[in-house]
Amino acid sequence: MILFADQIAELTSYRDREQLDVALASALKDLLQPSSVTIQRCVGEGDDRHWLTRARLSPDSSVATSDGPWSDLHTLPRLVADDPRCVAFTEQRMVLVPGTPHRTYFPLHGGDAVVGVIEIETPSALQEGAQRTVQGVLRIYRNFERLLHYSERDSLTGLLNRKTFDENFMKATAAMESTSKDPGDGRRVDSSTCGYWIGVIDIDHFKSVNDRYGHLIGDEVLLLLSRLMGRSFRIHDRLYRFGGEEFLVLMRCHSEDDAAQVFQRFRSNTELFQFPQVGTVTVSVGFTAVRAGDTPSSAFERADKAVYHAKANGRNQVCSHSDLLASGVLVDDSAKIGDVELF
């Protein structure tokens, strides 16, 4: 009982999702002494869904192994209908697979949805008491994860909120120096992607939307735009609402051209979408590469200057901070663009 209490106290001490999953795997390993515990999350959409390993532990593991959070989607195992993982995930039930070793699969809930599975390998069938222990731990995990979800998300759009950006930025960019080598902590690093980018997105003339149609319609525009973001950006891109009509994206790309393509796709998708009552809405986007030694505020400032230029020079466009520097529009990072009415 003391061990169980200690494990729950450890589990609920984390705010970081990856550390939380590692703590869950570690708790189940200590409680059950299995051959291995693996936590896998489902990533992707529709027919293009894959398994991302968040934590794998065996009795002799000193650290958990995992796939990097920015792994290329198509290098990961696909969901297959008759795979017991898929059955546990889609039917939201425990699945027992006898054999050598025995495997037991449990659905993993995140917030209000099933987000993955836990695979527990044991020399013999997992006993009923052990099954109940796992299910009890998972209920606690689900409740705690739901609280985390609410604290990290914007209440209107469901996107990540501003207070999570600094932590996510520092964590993501800490990997910049290790993209070409083994980090030594069990993660499999994808070295084919080599740069981080942030983009600031601002809705053009949003003040006039609120003035003409009211704040309820304005909120609907924000909500629909957040859904367009979800469909336009990739599954591993981090999407934030910074407040008002300002949004931010943190992504990893091969090159500036690749980043520009993704932002242009979103800009085009927004322009083509017909918003109820309002009709056409456009966005201006400014983006920048994340540099070694950047702080969240320094990278944001460069992207913000680029979006300011986009809005000052016609709106409904994507501007790269480095292109503005190269063209002489910005002399240096402290250059100012003339005052302009942005709304």
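Presented here is a report on the structure given in the accompanying data block. (Residues numbered from 1 in each chain as written. Predicted model: local features only at pLDDT ≥ 70, side-chain atom pairs only at ≥ 80, totals over all residues. Heavy atoms only, no water.)

1. Focus: the overall build of the protein
Operational definition: Counting from the N terminus, the helices are DSSP H or I runs at least four residues long and the strands are E runs at least two residues long. Between buried and exposed lies partly exposed: a residue is buried under 20% and exposed over 50% of the maximum accessible area for its type, with that area taken using a 1.4 Å probe on protein chains only. We call two residues in contact when some of their heavy atoms are within 4.5 Å. Here the Shrake-Rupley method, with its probe set to 1.4 Å, supplies the accessible areas, and only the displayed protein chains count as covering residues.
The helix and strand tally for the protein stands at 10 helices and 15 strands. Within the protein, buried positions represent 50% of all 343 residues. Long-range contacts, defined here as pairs at least 24 residues apart, represent 63% of the contacts in the protein between residues at least 6 apart. Surface accessibility of the protein: about 16300 Å² in total, with carbon and sulfur atoms responsible for 50%.

2. With respect to the side chain of S320
Rules: Throughout this description, a polar contact denotes any pair of N or O atoms lying within 3.5 Å of each other; where both atoms belong to protein, one of them has to be capable of donating a hydrogen while the other can accept it, and for residues adjacent in sequence the pair is counted only when both atoms sit in side chains.
Its place among the elements puts S320 in strand β15 (residues 318-320). By relative accessible area, S320 is classed as buried at 5%. A distance of 2.9 Å separates the side chain of S320 from the side chain of S322, its partner in a polar contact. Each residue touching S320, except ones within four places of it in the same chain, is listed here: E256, F287 and A306.

3. With respect to the packing of aromatic side chains
Two measures describe an aromatic ring pair: the distance that separates the ring centres and the angle between the ring planes. Here is the rule we go by: Here is the rule: rings of Phe, Tyr and Trp (six-membered ring for Trp) pair when centre to centre is within 6.5 Å. Planes less than 30 degrees apart are stacked, more than 60 are edge-to-face, and the remainder are tilted.
Under the defined criterion, the tally for this structure stands at 11 aromatic pairs. Considering the side-chain rings of F165 and F242, the 5.5 Å spacing of their centres and the 70 degrees angle between planes classify their relative orientation as edge-to-face. Of this pair, F165 sits in helix α5 (residues 165-173) while F242 sits in strand β10 (residues 238-243), and the two are 77 residues apart along the sequence. For F165, a relative accessible area of 2% corresponds to the buried category. Taking relative accessible area as the criterion, F242 reaches 10% and is therefore assigned buried. With centroids separated by 5.5 Å and ring planes inclined at 25 degrees, the aromatic side chains of F242 and F300 adopt a geometry described as stacked. Remark: F300 occurs in helix α9 (residues 296-312) and F242 occurs in strand β10; sequence separation between them is 58 residues. Accessibility classification places F242 together with F300 in one group, the buried group.

4. Observations regarding the environment of F165
Residues F165 and Y240, spaced 75 residues apart in sequence, show a C-alpha to C-alpha distance of 7.5 Å. Setting aside residues up to four positions removed in sequence, F165 forms contacts with I198, Y240, F242, L248 and P296.

5. Some details on the pattern of salt bridges
As a reminder, the rule being used: A pair is scored as a salt bridge if a Lys or Arg side-chain nitrogen falls within 4 Å of a carboxyl oxygen belonging to Asp or Glu.
Considering all chains together, one arrives at 15 salt bridges under this definition. Its salt-bridge partner being E128, residue R132 comes within 3.3 Å of it at the nearest N-O pair. Remark: E128 and R132 occur in helix α4 (residues 128-152); sequence separation between them is four residues, near one turn of the helix. You can call R132 exposed: its relative accessible area is 52%. Among the salt bridges present, the one from K311 reaches D202, with a minimum N-O distance of 3.2 Å. Here D202 lies in strand β9 (residues 195-203) and K311 lies in helix α9, a separation of 109 residues in the sequence. The class of K311 is buried, set by a relative accessible area of 3%. Overlapping salt bridges bring together D21, R41 and R54 as one network.

6. Focus: the nonpolar core
To keep it simple, the criterion reads: By convention a nonpolar core is built from buried Ala, Val, Leu, Ile, Met, Phe, Trp, Tyr and Cys residues, the set being connected through side-chain atoms within 4.5 Å.
Of all hydrophobic cores here, the largest spans 30 residues; its most connected members are I201, I203, M229, F233, M251 and F263. Of all the secondary structure elements, the ones that give two or more residues to this core are β9, α6 (206-213), α7 (215-232), β11 (246-253), α8 (256-272) and β14 (283-289). Judged by nonpolar contacts, the second largest core, of 23 residues, contains L20, L24, L57 and V137.

7. Points about the sheet that holds β10
Applied cut-off: Pairing between strands requires that DSSP locate at least two bridges from one strand to the other.
With mixed pairing, the six strands of this open sheet are ordered in space as β7-β10-β11-β9-β14-β15. Across the chains shown, the open sheet's two edge strands, defined by having one partner strand only, are β7 (160-161) and β15. Note that β10 and β11 share five bridges and pair antiparallel. Looking at the pairing, L239 lines up with V249 of β11.

8. Describing the pairing of strand β2 (residues 48-57)
Burial of β2 is extensive: seven of the 10 residues sit out of reach of the surface. Note that strand β1 (residues 36-45) and β2 share nine bridges and pair antiparallel. Across the sheet, the residue bridging to G44 is R49, located in β2. In this structure, the hairpin formed by β1 and β2 is closed by a connection of two residues, where G46 is found at a positive phi of approximately 55 degrees.

9. Description of the state of the cysteines
Inclusion rule: Defined by distance alone, a disulfide is two cysteine sulfur atoms within 2.5 Å.
Tallied over the entire structure, the rule returns zero disulfides. Here C42 is not disulfide-linked; the sulfur of C86 is the nearest cysteine sulfur, at 8.0 Å.

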